Amino acid sequence: IASSGTCKLQGHFTLNGMYKDGNFLIGGLFEVQYLKAFPELSFRTDFYMTSFQQAQTMVFAINEIHNNPNLLPNITLGYQIYDNCLRLGVVFCGATALVSGTEETVSDLNCKGPPPVIGIIGDPGSTHSIAISSVLGLNNDYSIYAAQSFHQEMQLFGHCVAFSEIVPNVNNPIDIQCIMGVIQASTARVLVVFSPSSLLIPLMEEVLLQNMTGRQWIASESWATSPMFRTPRFQPFLGGTLAIAIRRGEIQGLQDFLLRLRPNTDQINNMLRIFWENMFGCSFEAESKEKDGEQVKKVCTGQEDLSVTNTPYTDVSGLRALYNVYKAVYALAHALHDLIQCEKGRGPFSGNSCANMSNLTLLVHYLQKVNFTTGFGDHVSFDKNGDALAIYDVLNWQPSSDGAIRFNKIVVVSEGAETGMVLMLDEDSIYWNFDIKKPPRSVCSEGQLPPGTRRASQKGLPLCCFDCLPCGHGEISNTTNAIACTACKDEFWSNPDKDQCLPKEVEFLSYENPLGISLTTASLLGLCFCALVLVVFAYHRNTPIVCANNSELSFLLLFSLKLCFLCVLLFIGQPKLWTCQLRHAVFGISFVLCISSIQVKTMVVIAVFKSSRPEVWLSTASPSPHKNNQYTRSKIVYECAIGSVAGFSMLLGYIGLLAAVSFLLAFLARNLPDNFNEAKFITFSILIFCAVWIAFVPTYVSSPGKYAVAVEIFAILASSFVLLFAIFAPKCYIILLHPEINTKKAIMGRETQKK
């Protein structure tokens, strides 16, 4: 603020433009010409007729509104249109000038006041629009998320983007070569390009230079109908392109308006002057001058006839961007009309108030509520986010008779508030620029993944690049192109094809198994031997050799050995609760009886038997059937859990203690003076017994599943056979084969006689 109390602008911009006064102004920013340098506006190159046509369409729409008595009656609309010169810096200057004005001072002491324009039409480029929206504080631009939305949509439908490159703002050959290298190296055959046509020219020239065919191009709106790519030399490369174009409309009277344009030679603006000079190759300066290296001698009169020209400016056959400009002007006009028609006390703002005419920032509220239909029949409205409903044409670039490219509409995409997105596709009319005349196959990894396999992404490559790997053991995939395999439940396992979960095979030591048959046979054989010995001893129970060794203990030992052989049968077959509880109980009792019978007399045996009762172990941690998945994941090992490891260990330790005591006593009595010293045989049998059970422990622990049961059975059978044969075989030998020495004198006296 200066000392005089007025606001001062920090800078002054010299911009090409057009201006007309009115009660309210609508701003416009269009890409009319390209500057080689900034801010020297005199250094410029091409003049874009289509952009100037858009600016004139904005003027036409404003004039049409003036002639409509039902829209903004008694209100005049003016316009302030600037050329952005395709430069971001100029875009900011133009946007700032439209918002703040270009006057040197502002009368309001608070530096506040109505903005010179109620809205801005443009900028055509999304990059410029984003920049302008950030300056003006508007967050309704949808194109900022275009690339992100494209990636998300591709992933949603199971596709992926192979690469993403940025087209340089300036023609940098190194950057262009890098982009071409990426395209050539990729297996992708579909290329989606979001770029202004002016920035895309260097890349397309390189496409021609490298003769890169076999690609399906998809064009964004900004170059969907660009005339510079319609020439015959681009047809072999860009033919078949699918282009998303702004909906083509019709504007009655626009062509006549465009052809009636005449410059006022007294007060001509820069934009119109440059347009006229480029259109007719003349100059408004009386003296000839050098223009772009050529001598220009023709003087513009302002009366030249536009109807005899054939340029994009006079071509209204494809009104796409122009149609959007036309609808945008009408949208602002309808919003302003609704704002002006607001009645006091019935407004949409706090306290039912209306917008202050000196502050039109609330016009955005009415703009979001706009709802009207154009003369072409298109409905114009905005959603809750302030975005316009999508209406697009999808064009197919097809070869024309002269070898160039013509645009053929194949799809109409329209979005309605009630109907949603509607897509009408004419597939038969699509031209595919490939030998097979069909859509290209754009994949990184070929083929479908059959059931039983999964997709494995390749490191550093897009998701569509994958290896086909079979599912692991215990996993399946029952669909094609599965991303991951599913693990089977605990009691199920995958089949060989890995596409089904089948119940696991239940494994246990059965009677039908060869190993089970062998062990059962050995058990029954041992039982028969015990019975045979029992018959022999019973028949010869009064002979000295039977009586000399305490026949009661011998019969008790034979009975306990029978139990040892019989308990083996409890270890074979599918585990049940009663077999699990009995097997170790019977095993413990049997061997305690065996060792005790050898060691002590009858009363001590009974005492030992009572002390070895298994109630404590069975009541506190009873053995029970258990399905074990740990040994082999593909099978269920049905076994008996011992319940208490400590109880089982105490049982084995107790039997071992008895065996050790028996071994010690027998060893001390081995040299007693008798002809048949049983202590020697007991010593031998207990020695083998201990060796078997010492070897049993590590073997049992390391054996999986049913083999652990087989190891325990083998230990029981081995130790039982050792005790049976070592103790009873010598006696049976004498009883049956040498009865002459089965006398008391022979047993007790022979050793003495020798001495």
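The structure displayed is predicted, hence computed values, not measured ones.

(A) Spatial organisation of the sheet that holds strand S8 (residues 120-121). Strand order across the open sheet formed by four strands is S2-S6-S3-S8, with mixed pairing between neighbours. Each having just a single partner strand, strand S2 (17-20) and S8 make up the two edges of the open sheet. Both strand S3 (residues 24-30) and S8 contribute to a ladder of two bridges, which runs parallel. Within S8, the position partnered with Gly27 by the bridge is Ile120. Strand contacts of helix H1 (residues 49-66): S2, S3, strand S6 (77-83) and S8, with the helix running at about 175° to S6, the strand carrying the most contacts. Running at roughly 155° to S3, helix H10 (residues 321-340) makes contact with S3, S6 and S8 of the sheet.

(B) Structural context of the environment of Leu367. Mapped onto the elements of the fold, Leu367 is located in helix H11 (residues 363-368). Beyond its immediate stretch of four places on either side in the chain, Leu367 contacts Ala331, Leu332, Ala335 and Phe382.

(C) Expanded view of the state of the cysteines. On inspection of all chains with the given rule, the structure shows five disulfides. Here Cys342 engages in a disulfide with Cys354; their sulfurs sit 1.9 Å apart. The chirality of the disulfide connecting Cys342 with Cys354 is left-handed, given an S-S dihedral of about -75°. Of the two residues, Cys342 is situated in the loop between H10 and H11 and Cys354 in the loop between H10 and H11; the sequence distance between them amounts to twelve residues. Between the sulfur atoms of Cys471 and its disulfide partner Cys485 the distance amounts to 2.0 Å. Judged by the torsion about the S-S bond (-80°), the Cys471/Cys485 disulfide is left-handed. Of this pair, Cys471 sits in the loop between strand S20 (466-470) and strand S21 (475-476) while Cys485 sits in the loop between S21 and strand S22 (486-487), and the two are 14 residues apart along the sequence.

(D) The arrangement of the packing of helix H14 (residues 551-571) against helix H20 (residues 706-737) in detail. Between H14 and H20, whose axes approach to 10 Å, the crossing angle comes to 160°. With respect to H20, the axis of H14 lies roughly antiparallel. Our pair here, H14 against H20, has a crossing hand that is left-handed. Along its contact with H14, which presents Ser554, Leu557, Leu558, Leu561, Cys564, Phe565, Cys567, Val568 and Phe571, the element H20 presents Val709, Glu712, Ile713, Ile716, Leu717, Ser720, Phe721, Leu723, Leu724, Ile727, Phe728 and Lys731. Grouping the amino acids of the contact of H14 with H20 by side-chain chemistry returns 17 nonpolar, two polar and two charged.

(E) Spatial organisation of unusual backbone geometry. Phi is positive for Asn211, which is not a glycine, with a value near 55°. For Asn211, the location among the structural elements is in the loop between helix H6 (197-209) and strand S10 (216-219). With a phi angle near 55°, Lys437 is a residue other than glycine that sits in the positive phi range. Structurally, Lys437 can be placed in the loop between strand S18 (420-425) and strand S19 (453-457).

Cut-off values and rules
Residues numbered from 1 in each chain as written. Predicted model: local features only at pLDDT ≥ 70, side-chain atom pairs only at ≥ 80, totals over all residues. Heavy atoms only, no water. Pairing = 2+ DSSP bridges. Helix = DSSP H or I, 4+ residues; strand = E, 2+ residues; numbered from the N terminus. Contact = heavy atoms within 4.5 Å. Axes fitted to C-alpha atoms, helices over the stretch in contact; angles between N-to-C directions. Disulfide = S-S within 2.5 Å. Parallel < 35°, antiparallel > 145°, perpendicular 65-115°, else oblique. Left-handed = near helix turned anticlockwise from the far one by under 90°. Nonpolar A, V, L, I, M, F, W, Y, C, P; charged D, E, K, R; others polar.

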